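Analysis of the macromolecular model
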Amino acid sequence: SQAGFEEDSQKQPSVGHWNPVMPSKGSKDELETGCQDAGGVDETQSTEQLNVSRLRSSSVEIREKGSEFLKEELHKAQKELKLKDKECERLSKVREQLEQELEELTASLFEEAHKMVREANTKQAASEKQLREARGKIDMLQAEVTALKTLVITSTPSSPNWALHPQLQSPSKAGFRKGHGRNKSTSSAVVSAASHNVTPEPVSHEWKEVDSILFAEFQAWKESPTLTKSCSFLERIYQEDVRPCLDFTKQELSELVRVAVEQNTLTIEPVASQTPPVGKVSAEECGGPKKCALSGLPRTCKHRIMLGDSGNYYYISPSCRARITAVCNFFTYIRYIQQGLVRQDVELMYWEVMRLRREMSLAKLGFYPKDM
């Protein structure tokens, strides 16, 4: 505005400068009038110059104030811009951090999901394998039970099944069997005989009377049958019958025989027409067809025993075999009772136990059947 004003003032004609005009030869009044007009023009020109200077000073002042205001506004805008830049930078870092965390979380979730799927597939495969194995075992056990039902019908210590107890046969009958007859101290397949009643062998031509103490101990054991020696019933039989009946000259071997009988891992085989096997133990310890390994006496040994799956055979005399068989028959019968296979009156079971105890006592004293 100030520049425009200056241009306008420059374009205006100079009022104070004029060329003197020679007065004409006319009247003298025109000259005087001209002088008066020149004086008024000078006053007007000075007034206008004053106004122009005032306008110029005010415009300069306005321009300076405007410049200061604009500088302040520019400074404020620069500060705000810096703050916004810092805020944008912070938000950008936050966004980058969130994106990184989101990527890591997504990757960990996918990895965990794949891991869970792999574990589930592994467990499923293992479960299916166990199911197949269990079904195979069930089928095998059912086949074994079906086969054993045809053999174990009424096999008890009092009336044994001769096909399952070859050691009870005479040597003459055993000689006609092919190979080696094997018999565990107790049969592990007696479960299939659960549906058959067991009838003890009657004792004829003698009187019997129930002992109240022994019968009470047997009744208490029958309520919760167990094979541990803590109950008074089995503890008494161990002390009075089992241990004395299995107490042979060779103490170390006697203890091994007792443990094998209790754990159902003893095998008895006839040795008719058999050659001495090659075992891990020396011939002196195993005895031989002419020497009993348990008593150490020279006897004709018609049977041999094996403890577990060791592969070592020990030749035994008929007397030792009778003692071992008597104890095995007792353990077989009480296992029948424990497994719930004997469905008889308590008193009949008691008398069968007493008969088996008498067999152990007689065998311990040296009495045994002639065909042993």
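Within every chain, residues take consecutive numbers counted from 1 along the sequence as written. Only residues with pLDDT of at least 70 are given local features in this predicted model, and only at 80 or more are side-chain atom pairs given and counted; all residues enter the totals for whole chains, interfaces and linings. Excluded from the side-chain calculations are hydrogens and water; all other atoms, namely the structure's heavy atoms, are used.

As recorded in an unreviewed UniProt entry, the protein chain goes by the name R3GEF factor, listed as coming from Heliornis fulica. UniProt positions are given in the numbering used here, feature names are shortened, and annotations may be inferred rather than shown by experiment. According to the UniProt record, the Sequence similarities (unreviewed entry) comment for the protein chain reads "Belongs to the SEC2 family."

1. Topic: the overall build of the protein chain
Along the protein chain, the regular secondary structure elements total nine helices and three strands. Helical segments are the DSSP runs of H or I of at least four residues, strand segments are the runs of E of at least two, and each set is numbered from the N terminus. Taken from the N to the C terminus, the helices and strands of the protein chain come in the order α-α-α-α-α-α-β-α-β-β-α-α. To sort residues, take the accessible area from a 1.4 Å probe on protein chains only and compare it with the maximum for the residue type: under 20% means buried, over 50% means exposed, and anything in between is partly exposed. Expressed as a percentage of its 372 residues, the buried residues of the protein chain come to 30%. In this analysis, two residues are considered to be in contact whenever any of their non-hydrogen atoms come within 4.5 Å of each other. Nonlocal contacts in the protein chain, meaning residues at least 24 apart in sequence, comprise 72% of its contacts between residues at least 6 apart.

2. Comments concerning the sheet that holds strand S3 (residues 313-316)
If you walk across this open sheet you meet the three strands as S1-S2-S3, and the pairing is antiparallel. Edge strands, defined here as strands with exactly one partner in the open sheet, are strand S1 (266-270) and S3. Strand-to-strand twist across the sheet, computed as the mean angle between neighbouring axes with direction ignored, equals 30°. Strand pairing is assigned whenever DSSP identifies at least 2 bridges connecting the two strands. Both strand S2 (residues 303-307) and S3 contribute to a ladder of four bridges, which runs antiparallel. Pairing of His 303 across the sheet is with Ile 316, part of S3. The axes are straight lines fitted to the C-alpha atoms, using for helices just the contacting stretch, and the angles between their N-to-C directions are given from 0 to 180°. Helix H6 (residues 251-262) contacts S1, S2 and S3 of the sheet and is inclined by roughly 75° relative to S2.

3. Side note on helix H8 (residues 318-338)
The end-to-end C-alpha separation of H8 is 30 Å, in line with the 30 Å expected for 21 residues at 1.5 Å each. In terms of residue burial, H8 counts as a mostly covered element, since 19 of its 21 residues are buried. A helix is expected to reach a length of 1.5 Å times the quantity of its residues less one.

4. Side note on the confidence of the model for the protein chain
For every residue, the predictor states its confidence as a pLDDT score lying anywhere from 0 to 100. Confidence in the prediction for the protein chain averages 76 pLDDT; 68% of positions are at 70 or higher. Across residues 165-203 the pLDDT falls below 50, and counting only partners more than four positions away or on other chains, this stretch makes 92 contacts in the model.

5. Here we look at the packing of helix H4 (residues 212-223) against helix H5 (residues 232-245)
Relative to each other, H4 and H5 sit at 125°, their axes nearing to 8 Å. As summarised for this structure, H4 and H5 are arranged oblique, according to the angle between their axes. On H5, the residues that touch Ile 213, Leu 214, Glu 217, Phe 218 and Trp 221 of H4 are Ser 232, Phe 233, Leu 234 and Arg 236. Classifying every residue of the contact of H4 with H5 by side-chain character gives six nonpolar, one polar and two charged. Angular relationships are summarised with four words: roughly parallel below 35 degrees, roughly antiparallel beyond 145, roughly perpendicular across 65 to 115, and oblique for the angles in between. Residue polarity is assigned by list, with Asp, Glu, Lys and Arg as charged and Ala, Val, Leu, Ile, Met, Phe, Trp, Tyr, Cys and Pro as nonpolar; anything else, Gly included, falls into the polar class.

6. Some details on the pairing of S3
By the alternation rule, side chains of S3 split into Tyr 313 and Tyr 315 and Tyr 314 and Ile 316, which are all buried. Linkage of S2 to S3, two consecutive antiparallel strands, is achieved through a turn of five residues, within which Gly 308 is found at a positive phi near 70°.

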